Amino acid sequence: MEENTKKPYDLADYYGSIGIEDKKVKQVEKATDYLISEIKQSNRYIRYQESLENLKSQKKLFEVFDEFRKKHYKLNMESEDNFDEMEKLQQNYHDILMNSDVVDFMEATDRLCLMMREIYIKIANEVEMDIDFIDQI
């Protein structure tokens, strides 16, 4: 009986059991930590944190707004064709959504999310990976 000479897939080898690869992974981790630090020092992140703390300091307002966020998120995840339900939700929370502290927080959130999205897109565009199979799921 002939033995299979092909070595099975070994995750230990894949994840860099070679010293040079370990150094490169450490450099990537260090660069990631640096990126996180820079994000946290950005005006967008600082403004987001300040507006969040301001909103949380108003306990009742934050509770109602948080309830709105949960419902809004759930509607977004359920379907894309829920314009009427989304409009009804916004009408039900109209007064809260017009509060200047809530508006400030939502604007800060949008700006931070936009920055994060731009970072994610740049990384995804520059680090080539064959993930076309996902479209077939």
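In what follows, the structure referred to is the one given above.
The notes below deal with the structure included here.

Conventions adopted
Residues numbered from 1 in each chain as written. Predicted model: local features only at pLDDT ≥ 70, side-chain atom pairs only at ≥ 80, totals over all residues. Heavy atoms only, no water. Phe/Tyr/Trp six-rings, centres within 6.5 Å; stacked < 30°, edge-to-face > 60°. Helix = DSSP H or I, 4+ residues; strand = E, 2+ residues; numbered from the N terminus. Buried < 20%, exposed > 50% of the residue type's maximum accessible area, 1.4 Å probe, protein only. Patch = residues over 30% accessible without salt bridge, like charges linked within 9 Å, V, L, I, M, F, W, Y side chains within 5 Å. Areas by Shrake-Rupley, 256 points an atom, 1.4 Å probe, with all protein chains shown as cover. Salt bridge = Lys/Arg side-chain N within 4 Å of Asp/Glu carboxyl O. Core = buried A, V, L, I, M, F, W, Y, C linked by side-chain atoms within 4.5 Å. Contact = heavy atoms within 4.5 Å. Expected span 1.5 Å × (residues − 1). Polar contact = N/O pair within 3.5 Å; in protein donor to acceptor, adjacent residues only side chain to side chain.

Here's the deal with the packing of aromatic side chains
Point 1. With the rule as written, the count across this model stands at four aromatic pairs.
Point 2. Between the aromatic rings of F68 and Y93, the centroid separation amounts to 5.4 Å while the plane-to-plane angle is 55°, which identifies the pairing as tilted. Of this pair, F68 sits in helix α4 (residues 59-78) while Y93 sits in the loop between α5 (83-92) and α6 (94-97), and the two are 25 residues apart along the sequence.
Point 3. For F68, a relative accessible area of 6% gives the class buried.
Point 4. Three or more aromatic residues joined by ring pairs make a cluster, and in this case those are Y48, F65, F68, Y93 and F105.

What about a nonpolar patch on the surface?
Point 1. Taken together, the side chains of L35, I123, V127, M129, I131, F133, I134 and I137 define a hydrophobic patch exposed on the protein surface, amounting to about 830 Å² of accessible area.
Point 2. Looking at where M129 falls in the secondary structure, it is placed in the segment after α7 (100-126).

A look at the nonpolar core
Point 1. Core analysis: the biggest nonpolar cluster contains 20 residues, and Y48, L55, F65, F68, L97, V102 and F105 have the highest contact counts within it.
Point 2. Considering every element that reaches this core, the biggest residue donor is α7, with six residues.
Point 3. Filtering out sequence-adjacent residues up to four positions away, L97 remains in contact with F65, F68, Q90, V102, V103 and M106.

Overview of α7
Point 1. Over its 27 residues, α7 extends 39 Å from the first C-alpha to the last, a length consistent with the 39 Å expected when each residue adds 1.5 Å.
Point 2. Taken residue by residue, α7 has V102, F105, A108, L112, M115 and I119 as its buried positions.
Point 3. For α7, the side-chain oxygen to backbone nitrogen distance between the N-cap and D101 is 2.8 Å, and the N-cap itself is N99.

Regarding the pattern of salt bridges
Point 1. For the structure on display, the rule yields six salt bridges.
Point 2. For R69, the salt bridge identified is with D66, shortest N-O distance 2.8 Å. Highlighted residues: R69 and D66, both in helix α4, separated by three residues, approximately one helical turn.
Point 3. Looking at D66, the relative accessible area reads 18%, which means it is buried.
Point 4. Residue D66 is joined to K70 by a salt bridge in which the shortest nitrogen-to-oxygen separation is 3.8 Å. Here D66 pairs with K70, and both are found in helix α4, just four residues apart, close to one helical turn.

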